[in-house]
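# Geometric and topological summary
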Amino acid sequence: MITGYFFKIKDNKVETWREWCSLLAGKYGREAAETLSEEGLIREFFVIFNRGPEYFTIGFVEHEGKILPTNMDKKINIKHKEKKKECLEYIGPAYVLYDLEA
């Protein structure tokens, strides 16, 4: 199952969000992947797009069962929560309409 979350990126926070996502994909990748596993997730990914001057991002998580609570004793989870609060405004859920594989 894939669950999605739709956000507006706050004014002047696009580069901050991109930099954080880049760190998650690189320097903190292994640590981030470990936290996903602890939460019962298979993968997580974000996309970014703009509509005129406004930027938006959609985050998707893939999971097979219930999503477990985030371990907020881990520094990376604390930092991720802080970055989301600093950079993003939650709009609502996002839905996958299809996901094909050949």
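This write-up is about the structure you can find in this document. (Residues numbered from 1 in each chain as written. Predicted model: local features only at pLDDT ≥ 70, side-chain atom pairs only at ≥ 80, totals over all residues. Heavy atoms only, no water.)

## Here we look at the packing of aromatic side chains
Convention followed: Geometry of aromatic contacts follows a simple scheme: Phe, Tyr and Trp rings, the Trp one being its six-membered ring, pair when their centres are within 6.5 Å, and the pair is stacked under 30 degrees between planes, edge-to-face over 60, tilted otherwise. Secondary structure follows DSSP: runs of H or I at least 4 residues long count as helices, runs of E at least 2 residues long count as strands, and numbering of each begins at the N terminus.
A full pass over the atoms with the stated rule returns 8 aromatic pairs. Look at Phe 7 and Tyr 90: their rings are 5.7 Å apart centre to centre, the planes differ by 70 degrees, and that puts the pair in the edge-to-face class. Taken together, the residues span a long stretch of sequence, with Phe 7 in strand S1 (residues 2-9) and Tyr 90 in strand S4 (residues 88-94) at a distance of 83 residues. Among the aromatic side chains, those forming a connected cluster through ring pairs are Phe 7, Trp 17, Phe 46 and Tyr 90.

## Notes on the pairing of S1
Condition: For two strands to count as paired, DSSP must find a minimum of two bridges between them.
Inspection of the sheet shows S1 paired to strand S3 (residues 54-63) by 8 bridges, in the antiparallel sense. By the bridge assignment for S3, Ile 9 is matched with Tyr 55. Pairing of S1 with S4, which is carried by 6 bridges, proceeds in the antiparallel orientation. Bridge assignment links Lys 8 to a residue of S4, and that residue is Glu 89.

## A few points about the nonpolar core
For clarity, the threshold we go by: Only buried Ala, Val, Leu, Ile, Met, Phe, Trp, Tyr and Cys residues count toward a nonpolar core, and they belong to the same one when joined by side-chain atoms within 4.5 Å. A simple rule labels every residue: compare its accessible area, found with a 1.4 Å probe on the protein chains alone, to the largest value its type can have, and call it buried under 20%, exposed over 50%, or partly exposed in between. Only heavy atoms matter for contacts: two residues are in contact if any of them lie within 4.5 Å across the pair.
Grouped together as the largest cluster of nonpolar side chains are 10 residues: Phe 7, Ile 9, Val 14, Trp 17, Trp 20, Leu 24, Ala 32, Ile 76, Cys 87 and Leu 88. Of all the elements in the fold, those that place two or more residues in this core are S1, helix H1 (14-25) and helix H3 (75-87). Of the residues forming this core, the biggest block, 4 residues, is contributed by H1. Sequence-distant contacts of Trp 17, defined by excluding residues within four places in its chain, comprise Ile 9, Phe 46, Thr 57, His 80, Lys 83, Lys 84, Cys 87 and Leu 88.

## Let's talk about the state of the cysteines
Operational definition: Only a pair of cysteine sulfur atoms within 2.5 Å counts as a disulfide in this structure description.
All told, the structure shown has 0 disulfides when counted by the stated rule. Unpaired in terms of disulfides, Cys 21 finds its nearest cysteine sulfur in Cys 87, a separation of 8.5 Å. You can call Cys 21 partly exposed: its relative accessible area is 24%. With a relative accessible area of 0%, Cys 87 lands in the buried category.

Functional significance is not addressed by these values, which are geometric in nature.
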